[in-house]
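# Structural overview
Residues per chain, in single letters:
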Amino acid sequence: MTEDKAVPVTMKDVQAKADEKKCVAAQLLVFIEEFLAEPMCGRCFPCSFGSYEARIRAKRLTAGTASAEDVERLKRIGGNMLEASMCKKGKDTAAYILEKIATGDLLEHLSGLCASRECVDFDKYIIIPGKCTMCGLCLDVCKDSAIKGEKREAYRTGYLPFEIIQKRCTKCGECVKVCPENAILVISAREMENKDAPVTK
Ligand code: SF4
Ligand code: SF4
Ligand code: SF4
């Protein structure tokens with residue numbers, strides 16, 4: 001009986017995985033994570049240490065918690081890896097990091113905006129009270145118990161309005177699909193700052 005041998009992950013595979021994403025910050029995170037998962041062999045310090053630290057910084061970017069220091073640090077990591085990595089794989093990863101920084105899109109993430117909306121942690125789902133007819137369809141479909149509110153019933157007043165509990169919302173998008181009134185909006189953190197819509201923290 002022959003044993004199935006695992007096919008090694010190549011840098012092309014790493015690149016292909018990253019290319020599945022549209023957002024530059026997400027591409028960077030996927031590239032680094034895939035690189036760390038296999039092609040990175042750990043034989044030299046600038047590449048191994050640099051990749052681990054780059055992953056931390058890229059994660060912050062996709063989570064919307066990064067600062068300018070994270071981008072600066074990524075730049076330094078990329079520069080060090082390019083100069084001191086022992087093999088082409090480390091240098092290619094460094095070049096990838098620097099290429100993504102040069103697009104300028106990472107800086108946009110610092111102000112809470114992911115143009116492609118792939119970084120879901122940036123988005124919030126909110127219900128527009130004026131549009132909501134209290135049909136309760138969103139309540140029924142939400143598997144995470146992230147919606148509170150009372151369905152409209154005949155001969156009753158004093159309803160609890162429909163709201164999304166942000167801490168519970170997993171951004172699955174199911175409520176948006178079922179809302180017949182288009183009363184549920186997906187809004188970026190930056191847009192949120194300029195809006196008076198009520199949000200349950
Ligand atoms: S640069 Fe090459 S040798 Fe050094 S840790 Fe990275 S993959 Fe290994
Ligand atoms: S996006 Fe998903 S988790 Fe969030 S409120 Fe809607 S159905 Fe619930
Ligand atoms: S599905 Fe839409 S209209 Fe119905 S309760 Fe939810 S937000 Fe309101």
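Bear in mind the structure is a predicted one, so any value in this text is a computation, not a measurement. (Residues numbered from 1 in each chain as written. Chains lettered and ligands numbered in written order. Predicted model: local features only at pLDDT ≥ 70, side-chain atom pairs only at ≥ 80, totals over all residues. Heavy atoms only, no water.)

Further remarks concern the site of ligand 3. Neighbouring ligand 3 are 13 residues, the closest being C132, C135, G136, C138 and C179. Taken together, the residues of the shell around ligand 3 sort by class into 10 nonpolar, 2 polar and 1 charged. (Near = heavy atom within 4 Å. Nonpolar A, V, L, I, M, F, W, Y, C, P; charged D, E, K, R; others polar.)

Below, the discussion takes up the nonpolar core. Ranked by internal contacts, the top residues of the largest apolar core, which has 33 residues, are L28, I32, L61, L74, I97 and L106. Mapped onto this core, the elements with two or more residues apiece are α1 (11–19), α2 (24–37), α3 (45–63), α4 (68–84) and α5 (88–102). The greatest single-element share of this core, amounting to 10 residues, is contributed by α2. Excluding residues that lie within four positions of it along the chain, L61 makes contacts with A25, A66, V71, L74, L106, H109, L110 and F122. Within the second largest apolar cluster, 15 residues are counted, among which are C142, A146, Y159 and C169. (Core = buried A, V, L, I, M, F, W, Y, C linked by side-chain atoms within 4.5 Å. Buried < 20%, exposed > 50% of the residue type's maximum accessible area, 1.4 Å probe, protein only. Helix = DSSP H or I, 4+ residues; strand = E, 2+ residues; numbered from the N terminus. Contact = heavy atoms within 4.5 Å.)

Turning to the packing of aromatic side chains, a few remarks are in order. Tallied over the entire structure, the rule returns 2 aromatic pairs. Here F31 and Y96 contribute two aromatic rings whose centre-to-centre distance is 3.9 Å and whose plane-to-plane angle is 10°, an arrangement assigned as stacked. You can see F31 sitting in helix α2 and its partner Y96 sitting in helix α5, a full 65 residues away along the chain. Each member of the pair, F31 as well as Y96, carries the same accessibility label: buried. Their ring planes at 10° and their centres at 5.1 Å tell us that F45 and F49 sit as a pair that is stacked. (Phe/Tyr/Trp six-rings, centres within 6.5 Å; stacked < 30°, edge-to-face > 60°.)

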